[in-house]
Amino acid sequence: MAGVRQRWGMMGALFRALRRPKLPLDTRDSIGAALARNAAAHGGRPALLCEGEMLTWAEFNAQANRAAARLDAAGIRRGDCVALMMENRTAFLSCLLGIAKLGAVAALINTQQRGRVLAHSLSIVDTRALIVGAECAAAIEEVLPELGTLDLQGRLFHVDDTSRVREAREGGSAGVA
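This section reports on the structure supplied with the text. (Residues numbered from 1 in each chain as written. Predicted model: local features only at pLDDT ≥ 70, side-chain atom pairs only at ≥ 80, totals over all residues. Heavy atoms only, no water.)

1. Topic: the packing of aromatic side chains
Part 1 of the reasoning: This model, assessed by the stated rule, comprises 1 aromatic pair.
Part 2 of the reasoning: Seen from their ring centres, tryptophan 57 and phenylalanine 60 are 6.3 Å apart, and the 40 degrees between their planes marks the pair as tilted. Of the two residues, tryptophan 57 and phenylalanine 60 both sit in helix H3 (residues 57-73), 3 residues apart, roughly one turn of that helix.
Part 3 of the reasoning: On the accessibility criterion, phenylalanine 60 (6% relative accessible area) is buried. (Phe/Tyr/Trp six-rings, centres within 6.5 Å; stacked < 30°, edge-to-face > 60°. Helix = DSSP H or I, 4+ residues; strand = E, 2+ residues; numbered from the N terminus. Buried < 20%, exposed > 50% of the residue type's maximum accessible area, 1.4 Å probe, protein only.)

2. Some words on the pairing of strand E1 (residues 46-50)
Regular strands place side chains that alternate from one sheet face to the opposite one.
Part 1 of the reasoning: Inspection of the sheet shows E1 paired to strand E2 (residues 53-56) by 4 bridges, in the antiparallel sense. Along E2, the bridge assignment pairs proline 46 with threonine 56.
Part 2 of the reasoning: In this structure, the hairpin formed by E1 and E2 is closed by a connection of 2 residues, where glutamate 51 is found at a positive phi of approximately 50 degrees. (Pairing = 2+ DSSP bridges.)

3. Digging into the side chain of glutamine 113
Part 1 of the reasoning: When you line up the elements, glutamine 113 lands in the loop between strand E4 (105-108) and helix H5 (115-124).
Part 2 of the reasoning: At 2.8 Å, the side chain of glutamine 113 forms a polar contact with the side chain of serine 121.
Part 3 of the reasoning: Residues contacting glutamine 113, with those up to four places away along its chain left out, are Met85, Leu118, Ser121 and Ala139. (Polar contact = N/O pair within 3.5 Å; in protein donor to acceptor, adjacent residues only side chain to side chain. Contact = heavy atoms within 4.5 Å.)

Take a look at the structure:
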């Protein structure tokens, strides 16, 4: 009998939580806004350290802003899904925060996926843009023909080892700092 009461107690808590009024999303509460506040307050202090690369709060915020600007120019809007496939490094976090600054949703793609598994992952998230680390570019190029239903024209970006975001185009890449 005690188990039944405990389950009903948990159900009651769940129903109360569901009835609670939803708070409107406020840009002041976003992680992108928190990054901007930290950059303003601690601009020259270290924010990220990864494999010998260090970014200050100001540099971190500037990289995130550049990623957000590239995505915005490509037509990415609040609520759109942006897939991110990149090994761990500072550029990964900069791109992730850039996506958040736009209010878009980041779909983190496992960097070990290849072939049909990767194509499936990209198709189920209904991505409107794709940011790929240089180390994963070959895997993406391999599955692009299988992603016929996804329109990534002008919204496929490569990030090289220098953390530069480049728009992937036929016949090469156009570099953007």
